[in-house]
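# Architecture at a glance
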Amino acid sequence: STISDGSAGRGPTRLIWPRRTFTSWGSSSSEKRRSTRPTRVTRGSSRILKSAPVASFAASAQESPLGRWKTLDDKTGKPMTITEVYMAKNGTMAARIVENLGLPATCADCDGEHKGKPMVGMVTLWNLKANKDGSWGGGSGYKPSEDREFNAKSVKLVDGGKKLEVKGCVSIICRTATWVRAN
């Protein structure tokens, strides 16, 4: 092997042969890997393995706020919109109206950027971040029927994932709206 005296500015170097470096790595060496045999899969277990992801996905859909929700009027309880809760590109949770059930087609009474815009496609919640208790919060929201922006304090599942409680605050006054999962 060749050793440099360090005069080139890189310090002492040694020509290293690749096989030599791989065999000197202790527990990840090829001898160790060869002695470990794969775990045996018993007959019929492949069916369990294939169906398990489907079952866990169905269960996680009920434990996640993602999906379509029916929003209700605070005073009358009548359905107003179908709103889709989704993950935004920046990793936060958001919601937008995908179907109009009881609102005007456009936001005629709104001011600013929402004035005259169609209700369908309007973003109603944004920048919601996950909390340790499984809820989401710390974002913002917009209620087109009242033309009002609010701080989205908390969005959490209730009633076994069938309902979503959306708590919004303007200044110190907070209200909670309940959305029902739409199938």
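Sequence positions are assigned chain by chain, starting from 1 and proceeding in written order. Totals for whole chains, interfaces and linings use every residue, but because this is a predicted model, local features are given only for residues with pLDDT of at least 70 and side-chain atom pairs only at 80 or more, for both listing and counting. Note that water and hydrogens are dropped before the side-chain values are worked out from all heavy atoms of the structure.

## A look at the pairing of strand 7 (residues 148–158)
Across a regular strand the side chains alternate sides, sitting on one face of the sheet and then on the other. Being paired, for any two strands, means DSSP has found at least two bridges between them. Numbering of helices and strands runs from the N terminus, with a helix taken as a DSSP run of H or I at least four residues long and a strand as a DSSP run of E at least two residues long. Looking at chain direction, strand 6 (residues 139–143) and strand 7 are connected through 5 bridges and run antiparallel. The partner of Y142 across the bridge, within strand 7, is E149. Linking strand 6 to strand 7, which pair antiparallel, is a turn of 4 residues; within it D147 sits at a positive phi near 50°. Sheet topology places strand 7 next to strand 8 (residues 163–170); 7 bridges connect them, and they run antiparallel. Bridging across to strand 8, A152 finds its partner in G168. Counting the residues that bridge the hairpin from strand 7 to strand 8 gives 4 residues, and of these D159 lies at a positive phi of roughly 55°.

## Overview of unusual backbone geometry
Although it is not a glycine, N127 sits at a positive phi angle of roughly 60°. Relative accessible area serves as the criterion here: at 32%, N127 is assigned to the partly exposed category. Burial classes follow relative accessibility: with a 1.4 Å probe on protein chains only, a residue under 20% of its type's maximum area counts as buried, one over 50% as exposed, and anything between as partly exposed.

## Re the environment of I97
Summarising the element assignment, I97 is placed in strand 3 (residues 93–100). Residues I97 and P118, spaced 21 residues apart in sequence, show a C-alpha to C-alpha distance of 9.8 Å. Contacts are residue-level and defined by heavy atoms, with any inter-residue pair within 4.5 Å sufficient. Beyond its immediate stretch of four places on either side in the chain, I97 contacts T81, I82, T83, M119, V120, G121, M122, T124 and P144.

## A few points about the packing of aromatic side chains
Pairing of aromatic rings covers Phe, Tyr and the six-membered ring of Trp, with a centre-to-centre limit of 6.5 Å; geometry is then stacked below 30 degrees between planes, edge-to-face above 60, and tilted otherwise. Tallied over the entire structure, the rule returns 0 aromatic pairs. The rule is short: NZ of Lys or CZ of Arg within 6 Å of the ring centre and within 35 degrees of the ring normal puts a charge over the ring. Seen from the ring of Y86, R96 lies directly overhead, with NZ or CZ sitting 4.1 Å from the centre.

## Observations regarding the side chain of T124
Along the chain, T124 falls in strand 4 (residues 123–130). Filtering out sequence-adjacent residues up to four positions away, T124 remains in contact with T83, A95, R96, I97, S140, G141, Y142, P144, F150 and W179.

## Some details on the state of the cysteines
By definition, disulfides here are pairs of cysteine sulfur atoms that lie within 2.5 Å. Evaluated as defined, the whole model comprises 2 disulfides. Linked covalently through their sulfurs, C107 and C110 form a disulfide whose S-S length is 1.4 Å. By the burial criterion, C107 is buried, and C110 matches it. Disulfides within the protein chain link the bonded cysteines, taken in sequence order, as 1-2, 3-4.

Purely geometric stuff here, so don't read any function into it on its own.
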